[in-house]
Amino acid sequence: MSHHLLQARLPTPLGPLTAARSARGLSGLWFDGQKHHPGPLALPLDDGRDEVLAATARALADYFAGRPPELPPLDPAGTEFQCQVWAALLRIPRGGHASYGTLAAELGRAGGARALGAAVGRNPISILIPCHRVLGADGGLTGYAGGLARKQALLALEGRGA
C-alpha cells in the first residue's frame, strides 16, 4: 500500500521528475521511465501550496545551480536495511563518491555489496538521496535507475567527471 498522499511534476535540466509526499515528508522523486518508478500515481496534483513539495522544488533548483540544497523532510519507505543504506548515501558529500563495497563495510555488511547495490537501486528519492555518488570498486560508472547518462551528468555537475 502506498503511503504517498500528494504529487507534483517538477522540471529539471535532466528531464521532469514526479515528486510525491507522505504525511511525514518527501516520499518519492522519480525521473519519467526510470527503473523502479511506480508508474502513474493516483494522487491529487499539488496546487502549489504544499510546503514539502515546494521545498523539494527549491532543493532541486539549488542543487542544479551548484548550491547545497536544503532538504525537505524525507520519508522514503523501505526495509530497515534499505533505510540504513539510504541514510548512508546522505553522508556522501557533493563531489565525493563511495563504492558499493565501502558502503557495505561501513554498514557492517562486508561482502554484502550486491545486497547494498540492490538497496541503492531501489532508492525512491532520486538526486536528493544521492545514489548517483555510488561507483564501482574501480571508480567506474555502474547502474543508475535514471540511466547512466543522467548519472554522468549529475557527477559532472558536482565537479566529478566519470
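Before any of the text, the structure's been laid out above.
Small disclaimer: the values here were computed from a predicted structure and weren't measured.

*Asks:* I'd love a proper account of the packing of helix 2 (residues 80-90) against helix 4 (residues 113-121), names of residues and values included.
*Replies:* The N-to-C vectors of helix 2 and helix 4 enclose an angle of 75°; their axes lie 9 Å apart at closest approach. It follows that helix 2 is roughly perpendicular to helix 4 by the angle criterion. Across the interface between the two elements, Phe81, Gln82, Val85, Trp86 and Leu89 from helix 2 touch Ala115, Leu116, Ala119 and Val120 from helix 4. Looking at side-chain class alone, the contact of helix 2 with helix 4 contains eight nonpolar, one polar and no charged residues.

*Asks:* Help me get a handle on the environment of Phe81, residues and values and all.
*Replies:* Turning to its location among the elements, Phe81 is positioned in helix 2. For the pair Phe81 and Pro93, spaced twelve residues apart in the sequence, the C-alpha separation amounts to 21 Å. Residues contacting Phe81, with those up to four places away along its chain left out, are Arg109, Ala115, Leu116 and Ala119.

*Asks:* Could you give an account of unusual backbone geometry, naming the residues involved and the relevant values?
*Replies:* In this structure, His36 is a non-glycine residue whose phi angle is positive, near 70°. Residue placement: His36 occurs in the loop between strand 3 (26-31) and helix 1 (51-64). Even without a glycine there, the phi angle at Ile127 is positive, about 65°. Turning to its location among the elements, Ile127 is positioned in the loop between helix 4 and strand 5 (134-135). We classify Ile127 as buried; its relative accessible area is 2%.

*Asks:* I'd like a description of helix 5 (residues 148-157), backed by residues and values.
*Replies:* Inspection of helix 5 places Arg150, Lys151, Leu154 and Leu155 among the buried residues, and these make up the whole buried set. Down the axis of helix 5, the buried side of the element spans an arc of 135°, and every buried residue falls inside it. As for helix 5, its buried residues are in contact with strand 3, helix 1, helix 3 (100-106) and strand 5. A positive backbone phi angle near 90° is found at Gly159, which sits one or two residues after helix 5.

*Asks:* Please provide a residue-by-residue account of the sheet that holds strand 1 (residues 6-10), values included.
*Replies:* Strand order in this open sheet of three strands is 1-2-3, and the pairing throughout is antiparallel. Every other strand in the sheet has two partners, leaving strand 1 and strand 3 as the edge strands with one partner each. Across the sheet, the mean angle from the axis of one strand to that of its neighbour is 20°, orientation sign disregarded. Looking at chain direction, strand 1 and strand 2 (residues 17-21) are connected through five bridges and run antiparallel. In the sheet register, Leu6 faces strand 2, and the bridge partner there is Arg21.

Calculation notes
- Residues numbered from 1 in each chain as written.
- Predicted model: local features only at pLDDT ≥ 70, side-chain atom pairs only at ≥ 80, totals over all residues.
- Heavy atoms only, no water.
- Axes fitted to C-alpha atoms, helices over the stretch in contact; angles between N-to-C directions.
- Helix = DSSP H or I, 4+ residues; strand = E, 2+ residues; numbered from the N terminus.
- Parallel < 35°, antiparallel > 145°, perpendicular 65-115°, else oblique.
- Contact = heavy atoms within 4.5 Å.
- Nonpolar A, V, L, I, M, F, W, Y, C, P; charged D, E, K, R; others polar.
- Buried < 20%, exposed > 50% of the residue type's maximum accessible area, 1.4 Å probe, protein only.
- Arc of directions from axis to C-beta.
- Pairing = 2+ DSSP bridges.

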